[in-house]
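# Structure assessment
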Amino acid sequence: MADILEKITSHLYDGEDEMVAELVQKALDQGIEPQEILAGGLIAGMDVVGKDFKAGDLFVPEVLIAARAMHAGMGILRPLLAESDVPSAGKYVIGTMAGDLHDIGKNLVKMMLEGAGFETVDLGTDVQPGVFVDAVREHQPTIIGMSALLTTTMIQMKATIEALEEAGLRDVVKIMVGGAPVTAAFAEEIGADAYAPDAASAVDVARSMVGA
Amino acid sequence: MTVVLGIDTGGTYTDAALVDYASGAVMAGAKALTTHHDLSIGIGKAVAAACDGPAVSPADVSLVGLSTTLATNAIVEGRGSPVCLLLIGYDPDLIRQYGFERELVTQDVVYLGGGHDGAGDEVEPLDEAAARAAILARRNQVESFAVSGYFGVRNPAHELRVRALVEELTVSANGESLPVTCGHELTTRLNAVRRATTVTLNARLIPLLRELIATVRSTLDALGIVAPLMVVKGDGSLVRAEWAKRRPIETILSGPAASVVGAWHIAGRRDVWVVDVGGTTTDIAALRDGRPRLNSEGAQVGKWRTMVEAVDAHTIGLGGDSLVYLDADGRVIIGPRRVVPLCLLASQHPWVVDELRQQVETHQRLAGQFVLSQHRTARALSDEDQALLQHLAAGPQPLTSLVERLRYGSLVVRRVESLEAQRLVLRSGFTPTDGLHVLGHFERWNTEASRLGAELLATQVNLSPAEFCEQLVASVSNRVTTALISKILSDEATLPDWEQEPSAAALLARALGKAPTSDLDCRLALRHPIVAVGAPVEAYLPRVARQLNTDLVIPPHAEVANAVGAVAGGVVLRQQVLIRPLSTNQHFRLHLHNGVRDFSSLEEGIAYAQQVVPARLSALARQAGADQVEVQMTRVDQEAPVKGGWGERIYLGTQLTFTTAGRPRPGGSERFVPGTRLEIYDLDQNEKNRQKHH
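Description of the structure in this document. Predicted, not measured: the structure shown is a model, and the values here were computed from it. (Residues numbered from 1 in each chain as written. Chains lettered and ligands numbered in written order. Predicted model: local features only at pLDDT ≥ 70, side-chain atom pairs only at ≥ 80, totals over all residues. Heavy atoms only, no water.)

## What about the overall build of chain B?
- When its secondary structure is counted, chain B shows 22 helices and 29 strands.
- A globule of 694 residues ought to have a C-alpha radius of gyration of about 26 Å, and chain B, at 27 Å, matches this closely.
- Structurally, chain B occupies a C-alpha span of about 85 × 60 × 60 Å along its principal axes.
- Residues classed as buried in chain B amount to 55% of the 694 residues present.
- In chain B, the proportion of contacts linking residues at least 24 apart, taken out of those at least 6 apart, comes to 68%.
- Roughly 29,700 Å² of accessible area belongs to chain B as shown, and the carbon and sulfur atoms make up 48% of that amount.
- Each charge class in chain B was averaged separately, 68 positive and 77 negative side chains, and the resulting centres sit 2 Å apart. (Helix = DSSP H or I, 4+ residues; strand = E, 2+ residues; numbered from the N terminus. Rg over C-alpha atoms; globule rule 2.2 N^0.38 Å. Buried < 20%, exposed > 50% of the residue type's maximum accessible area, 1.4 Å probe, protein only. Contact = heavy atoms within 4.5 Å. Areas by Shrake-Rupley, 256 points an atom, 1.4 Å probe, with all protein chains shown as cover. Lys, Arg positive; Asp, Glu negative; His and termini not counted. Charge placed at Lys NZ, Arg CZ, Asp CG, Glu CD.)

Structure below.
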């Protein structure tokens, strides 16, 4: 059994989406539980991708392709996981700040988080502080991720945190920030809970936030 | 000679102290029992006793300072007058979704359209018509109004408008309108729900504090004291009574604050931990650089999280008059209930000694406790409650006889506890004070009663009365030490849970000296001295200081340090002004107490603030009772680095804090200096003193 999961991991790393889909189906036919395939095959694969990306051995395009392969596998598993009521690692709401239309970084984080078993809600780009607050109320996530790629929109991160504070909701979520101009010092200054320099670290931070 | 009078009403005792304003020396002190149903009675007794002593005529008193537990107790007990809370721009669905209604204190909540955003721009116009209708509908049913607007601290315009409406529509025949409090007046911090809590609690307290101040004023007048009356705030500073009437919530925790200020003025140290052992509770707080350390998160009172910055005091339900009893497992429990010590009861009712003697012979259940009635109430009571109170009409009764004589036997205890909570009865039982009587450390009342009470408990745990009392006193010390450690750890790391963390508990036990045969000893050292106030701290604190390997300072007049602190503070007012960059047009917005104002440069905005705020703050400080005010400004710029290649730093805003500090009027050119009669007791000296008394 371990054999086939290893194969899934390896093909995922190489970005071979069709192979991954085929192997996932084969694993299911062999009687392996969907949750095991997810954890031992797909998530395990994305973990290696993340590690190598952080180390500088993989670059963004390769990560995107690997993520696509993971999605192919997830497509098959998702309905079965939904049935068997497998708990996700946590719910994560993500968006790019008001006035900012960049989304590549945000999308990468989202994919990595899904690869790690998080349920994600993507608010898109140009998200007003009030929309983040509404999303907290509607989806009740564990974590909010905010992305900004312009120095002029970084300040919206502070406005969003203030909007949550005023609503009395600051303590019901953990807040993580990222984006090219963002720094850890900035995150601390505005009262965020954490900063992640890249998508792979975002997964690590998210995991520590949910206590994994 | 200028003499000032300090008064502190605590949970058990009301203290009064006469202080010589020039030298800071304490001339006289007195204690009376606190009369919770009408605080001014106990105040009158304590003041009369204090003025009785030295050759000081009441007319010589030039200033009176009062610290009171009224606000704290009223909030904890859920007392307060009816108030209507007007919320502007709040979302009732959000409040409901997260169960925030519980935090709003009152059921009478009105949601009005309006409100602002984080930048201070209006989100929706204020629904004046609805505001008018709500005010008119309630003006005869409530005693005050509370107003809070969403982001009202960024722009108070709507709150100010609603306040004006309340003042317009509730004006009565004598020209006075109902009191109204706005969120932005009490704080500049965000969290609309907590602001609503704070402003509602404040509104509820206004009539209570007004009444107290009025009765204290007439009590003082009756004694011939015509001096102005000032009230202590929870940060230890003083304000005129008139001012405090509008913001009673700021007087929460004034008792612990006064004891910290008093500790400083009598002991003269700037960085210490203050331990105040009272009758009902023990308060622990830090003095840093001569000032009480404040809790910037906002004081928690009872179940409410307020936004008042008051002294960061840790309070435990353990005091000299805490009830000592044995639980079902035979463990000795001290407090949190406060009772009349057996020795005190017996000194007023000598038959108590005979009763206790009899109880020692007969070994009844529920022995060693008595019940006394307190003040009467106009409230309707159940038949059973009335029957019980009827039995107490002639005087205190042993608990055992109530069990025998009333129909429902052992349920009596439940009933007594319920009446106790309503302050209709009080119990008497064995207390640490009785323990001190038995050991000879403190003998003011009937020692035989204490000895018999000790015997009743000691035989149940196979100890002699003396051994039992030694262990009891050590227990009190251990709990104080543990509380100090918990407080420091909670501030610096995390609050320890001794029950759930066995290794921490094991280290603590070793530090307290409870494991003498262990191979491992644990010595904790407090890096600052302990100043102990209250009475009688000589009995409990030396052991605490030993366990924490630090110096103990018991200043003279330690037992009335609270009262000294009640008149020793200065008048301190603060105003915070925020400046934020606007994203739309590169301008800078100044958020003031009366609205927002935009400037094209940061320095222009700051200059404007420096122009208008100090004048206003000085005027307010004078209204609050300050003399010779000085205004200082501190500026904190908030900015953060941006990652290399994208720019240098990002500017997030500036916080200006204007502070005025002044001495309270009356005049007198002498400065108030720390007490000249300082005596520092080292531990050995304390031991020698103790041994001398045996």
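## Points about the side chain of Gln547 of chain B
All names here are of chain B.
- Summarising the element assignment, Gln547 is placed in helix α19 (residues 537–547).
- Take Gln547: its relative accessible area is 8%, and that puts it in the buried class.
- Separated by 2.7 Å, the side chains of Gln547 and Asn478 make a polar contact.
- Side chain to side chain, Gln547 and Thr481 meet in a polar contact 2.5 Å long.
- Residue contacts for Gln547: discarding those within four places in its chain leaves Ser477, Asn478, Thr481, Ala511, Leu512 and Leu524. (Polar contact = N/O pair within 3.5 Å; in protein donor to acceptor, adjacent residues only side chain to side chain.)

## Digging into the interface of chain B and chain A
- The interface is formed by 29 residues belonging to chain B together with 26 residues belonging to chain A.
- For the chain B and chain A pair, buried surface summed over both sides reaches about 2,300 Å², with 56% attributable to carbon and sulfur atoms.
- Inspection of the region where chain B meets chain A yields four salt bridges.
- Linking chain B with chain A are 14 residue pairs in polar contact (both at pLDDT 80 or more), by the criterion used here. (Buried area = accessible area lost by both parts, 1.4 Å probe. Salt bridge = Lys/Arg side-chain N within 4 Å of Asp/Glu carboxyl O.)

## Examining the pattern of salt bridges
- For the coordinates displayed, the defined rule picks out 42 salt bridges over all chains.
- Residue Lys7 of chain A is joined to Asp3 of chain A by a salt bridge in which the shortest nitrogen-to-oxygen separation is 3.8 Å. Pair noted here: Lys7 of chain A and Asp3 of chain A are both in helix α1 (residues 2–13), with a separation of four residues, about one helical turn.
- Its salt-bridge partner being Asp289 of chain B, residue Arg270 of chain B comes within 3.4 Å of it at the nearest N-O pair. Here Asp289 of chain B lies in the loop between β12 (282–288) and β13 (291–292) and Arg270 of chain B lies in the loop between α9 (254–267) and β11 (272–277), a separation of 19 residues in the sequence.
- Residue classification places Arg270 of chain B among the partly exposed positions, given a relative accessible area of 40%.
- When salt bridges that share partners are traced, they join Asp354, Arg357, Glu448, Arg451 and Glu455 of chain B into one network.

## Brief notes about the packing of helix α4 (residues 128–138) of chain B against helix α5 (residues 157–169) of chain B
All names here are of chain B.
- Two elements in contact, α4 and α5, have axes separated by 10 Å at closest approach and are oriented at 40 degrees. For the element pair α4 / α5, the angle class is oblique. Crossing angle aside, the handedness with which α4 passes α5 is right-handed. Where α4 approaches α5, its residues Glu128, Ala131, Arg132, Ile135 and Leu136 are matched on the opposing element by Arg161, Val162, Leu165, Val166, Glu168 and Leu169.
- Split by residue class, the contact of α4 with α5 holds seven nonpolar, no polar and four charged. (Axes fitted to C-alpha atoms, helices over the stretch in contact; angles between N-to-C directions. Parallel < 35°, antiparallel > 145°, perpendicular 65-115°, else oblique. Left-handed = near helix turned anticlockwise from the far one by under 90°. Nonpolar A, V, L, I, M, F, W, Y, C, P; charged D, E, K, R; others polar.)

## Things to note about the sheet that holds strand β9 (residues 229–232) of chain B
Residues and elements named next belong to chain B.
- What the six strands build is an open sheet, ordered β3-β2-β1-β4-β9-β10; its pairing is mixed. The two strands at the open ends of the sheet, each matched to only one other strand, are β3 (26–33) and β10 (238–240). Going across the sheet, the axis of each strand differs from the next one's by a mean of 25 degrees, ignoring polarity.
- Judged from the three bridges that link them, β9 and β10 form a sheet pairing that is antiparallel. In the sheet register, Val231 faces β10, and the bridge partner there is Val239. (Pairing = 2+ DSSP bridges.)

## Details of the packing of aromatic side chains
- What the rule picks out here adds up to nine aromatic pairs over all chains.
- Consider the rings of Tyr92 of chain A and Phe118 of chain A, whose centres lie 6.5 Å apart with planes at 80 degrees: the pair is edge-to-face. Separated by 26 residues along the polypeptide, Tyr92 of chain A in strand β1 (residues 91–96) and Phe118 of chain A in the loop between α5 (104–115) and β2 (119–122) bring together distant segments of the chain. The exposure classification of Tyr92 of chain A matches that of Phe118 of chain A, with both residues buried.
- Centre to centre, the rings of Phe442 of chain B and Trp445 of chain B are 6.4 Å apart; their planes meet at 85 degrees, and the pair counts as edge-to-face. (Phe/Tyr/Trp six-rings, centres within 6.5 Å; stacked < 30°, edge-to-face > 60°.)

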